[in-house]
Amino acid sequence: MAAHSSTTPALVEHTSVPELELIVEVEAGKAAPRRMTINGELLRIGSHSSNDLVLADPMVSRFHCQLTRGEEAWRIIDNGSLNGTRVGNIRVRDADLVMPECRITLGGSTILLREVGQKPAAPIPGAMSFGALKGGSQAMRKMYHTLQRVARTDSTVLIEGESGTGKELITAEIVRRSPRAEKPFIVVDCSAISPTVIESELFGHAKGAFTGAEKQRAGVFEAADGGSVFLDEIGELPLEMQPKLLRVLETGELRRVGENQLRKVDVRVIAATNRRLEREVNQGRFREDLFFRLSVVMVRVPPLRERTEDIPDLIDAVLQSLDATDKRHLFTQDVIEAMMKHDWPGNVRELKNFVERRVVFEAVGLGLEGDDVTPGAKVAEKAAKTPPSVDIEKPFRAAKEEMIDAFERVYLGALLAWANGNVSAASRKAKIDRMHLHRLLQQHGLRKSGSLID
């Protein structure tokens with residue numbers, strides 16, 4: 001794949017887009033006409049004062065819904081509101097709006113949406129990649145432009161995206177370009193730490209603070225002083241821990257478990273989640289004040305199904321990471337077209353597993369003719385039915401070991417593709433111990449892609 005510069009200053013694609021006017025016809029059951037026009041690509045609606053359109057309606061949730069402008073249509077997304085969002089008479093969670101005019105109902109309020117003409121769109125940055133991030137779709141180029149600006153600052157960043165979209169990779173690229181690039185960088189998976197020890201993990205503890213605390217210990221924030229901390233899956237942070245994290249973010253001070261002494265820390269925080277935190281706030285599962293403190297800058301990562309034009313570039317990038325660029329012929333135009341029709345619920349992680357699986361099958365001589373290109377196909381079953389080739393010039397023991405090795409690699413590749421990289425799910429499917437599976441994956445070099453999750 002040809003190299004693209006992530007710092008390309010050129011701007012491209014000056015186009016026109018329809019402006020959207022919002023007319024509040026009814027608010028909390030009463031006629032209250034007022035109007036506004038969307039000037040950007042995202043508008044939040046709710047009862048909280050931070051929204052772009054604030055409705056004084058007790059039936060409207062704090063962060064009720066949002067309007068976004070896609071490449072082909074305006075889209076409305078309900079943030080898990082208590083009373084729902086309706087387009088016409090249909091309750092929706094996520095829907096494209098039929099324009100040029102439609103009505104939406106939120107609680108006791110009704111809003112007329114209509115297109116009111118064209119205006120020049122903001123030029124889209126021309127960079128086709130951002131370090132290890134690949135893809136030249138409009139959504140990705142817009143994100144690269146945001147990341148380029150964010151990286152040079154010390155601002156707290158919240159990255160929202162579905163599982164497998166590459167949030168940790170985005171974080172690594174931000175840190176690599178930041179003034180703290182040479183300072184400590186620590187990753188914390190909030191979903192993988194027991195709620196009983198997460199405070200100690202983050203902020204440390206004094207000797208004797210709890211059973212088993214045989215000596216004092218510095219936590220993640222102290223260890224990363226001067227550098228950056230990545231709080232992955234921040235939406236999983238226990239509710240009782242959230243005010244303690246908020247205090248550290250607000251004051252730059254922490255207190256180890258079992259101590260009264262305050263300690264100063266200088267840490268940049270980048271958080272990520274596969275949940276919509278506005279929805280979590282509406283449901284009372286995430287503190288509103290912590291949400292605002294984390295989302296000083298918010299980066300939303302588009303799912304792969306919304307940028308399928310990037311699939312050829314992603315295939316090339318995965319082949320390069322596998323040192324298998326000579327296998328590009330396996331991805332014919334028909335295969336790529338089939339891949340572009342797939343929904344990719346596991347996003348880029350799922351695509352990486354699929355590409356690696358396809359390379360593995362070809363590498364052990366099993367062939368791929370007629371293979372279903374959609375992930376989750378019964379490729380292990382097909383492998384078992386394919387007559388293996390043998391070399392009788394080799395001693396029986398050596399030939400047998402090679403055959404077993406080839407079978408294990410094919411089986412594990414198919415298993416990971418089925419599980420979208422989730423090792424725990426894969427071990428349950430295969431009915432083998434998770435740690436044994438980890439060792440097999442390491443033995444066969446299947447952990448190098450960095451796409452696995454426990």
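See above for the structure.
These notes cover the structure that comes with them. (Residues numbered from 1 in each chain as written. Predicted model: local features only at pLDDT ≥ 70, side-chain atom pairs only at ≥ 80, totals over all residues. Heavy atoms only, no water.)

The next thing to look at is the overall build of the protein. A tally of helices and strands in the protein yields 14 helices and 22 strands. Evaluated residue by residue, the protein yields a buried proportion of 47% over its 454 residues. Sequence-distant contacts, at least 24 apart, represent 62% of the contacts inside the protein between residues at least 6 apart. Carbon and sulfur atoms make up 50% of the accessible area of the protein, which totals about 22500 Å². (Helix = DSSP H or I, 4+ residues; strand = E, 2+ residues; numbered from the N terminus. Buried < 20%, exposed > 50% of the residue type's maximum accessible area, 1.4 Å probe, protein only. Contact = heavy atoms within 4.5 Å. Areas by Shrake-Rupley, 256 points an atom, 1.4 Å probe, with all protein chains shown as cover.)

To continue, consider the sheet that holds strand β5 (residues 53-54). With mixed pairing, five strands are arranged side by side in an open sheet as β5-β4-β6-β7-β10. The two strands at the open ends of the sheet, each matched to only one other strand, are β5 and β10 (94-96). By the bridge criterion, four bridges tie strand β4 (residues 42-46) to strand β6 (residues 65-69) in an arrangement that is antiparallel. Paired with Ile-45 across the bridge in β6 is Cys-65. (Pairing = 2+ DSSP bridges.)

Glancing now at the pattern of salt bridges. Enumeration over the complete set of coordinates arrives at 28 salt bridges. A salt bridge links Arg-177 to Glu-173; the shortest N-O distance between them is 2.4 Å. For Arg-177, a relative accessible area of 21% puts it in the partly exposed group. Here Glu-173 falls in the buried class, since its relative accessible area comes to 6%. In this structure, Arg-300 and Glu-278 form a salt bridge, with 2.9 Å as the shortest nitrogen-oxygen distance. Here Arg-300, found in strand β22 (residues 297-300), pairs with Glu-278, found in helix α6 (residues 277-282); they are 22 residues apart in sequence, far enough to count as distant. (Salt bridge = Lys/Arg side-chain N within 4 Å of Asp/Glu carboxyl O.)

Spatially, five strands are ordered β17-β18-β21-β16-β22 in an open sheet, and the strand pairing comes out parallel. Since the sheet does not close on itself, it has two edges, and those belong to β17 (185-189) and β22, each with one partner. On average, each strand axis in the sheet is tilted by 15° relative to the strand beside it, whichever way the strands run. Note that strand β16 (residues 157-160) and β22 share four bridges and pair parallel. From the neighbouring strand, Glu-160 faces β22, where its bridge partner is Arg-300. Against the sheet, helix α1 (residues 138-151) touches β16, β21 (268-273) and β22, its axis set at about 150° to β22. (Axes fitted to C-alpha atoms, helices over the stretch in contact; angles between N-to-C directions.)

A word on the environment of Gly-135. Along the polypeptide, Gly-135 turns up in the loop between β15 (133-134) and α1. Separated by 173 residues in sequence, Gly-135 and Thr-308 place their C-alpha atoms 9.4 Å apart. Ignoring anything within four residues of it in the chain, the contact list for Gly-135 reads Met-128, Met-140, Tyr-144, Arg-307, Asp-310 and Asp-313.

Contact geometry of helix α12 (residues 396-419) with helix α13 (residues 423-430) gives a least axis separation of 9 Å together with a crossing angle of 120°. With respect to each other, α12 and α13 are oriented oblique. Crossing of α12 over α13 shows right-handed handedness. Together, Tyr-411, Leu-415, Trp-418 and Ala-419 of α12 and Ala-425, Ala-426, Lys-429 and Ala-430 of α13 make up the contact between the two elements. Its residues assigned to classes, the contact of α12 with α13 comprises seven nonpolar, no polar and one charged. (Parallel < 35°, antiparallel > 145°, perpendicular 65-115°, else oblique. Left-handed = near helix turned anticlockwise from the far one by under 90°. Nonpolar A, V, L, I, M, F, W, Y, C, P; charged D, E, K, R; others polar.)

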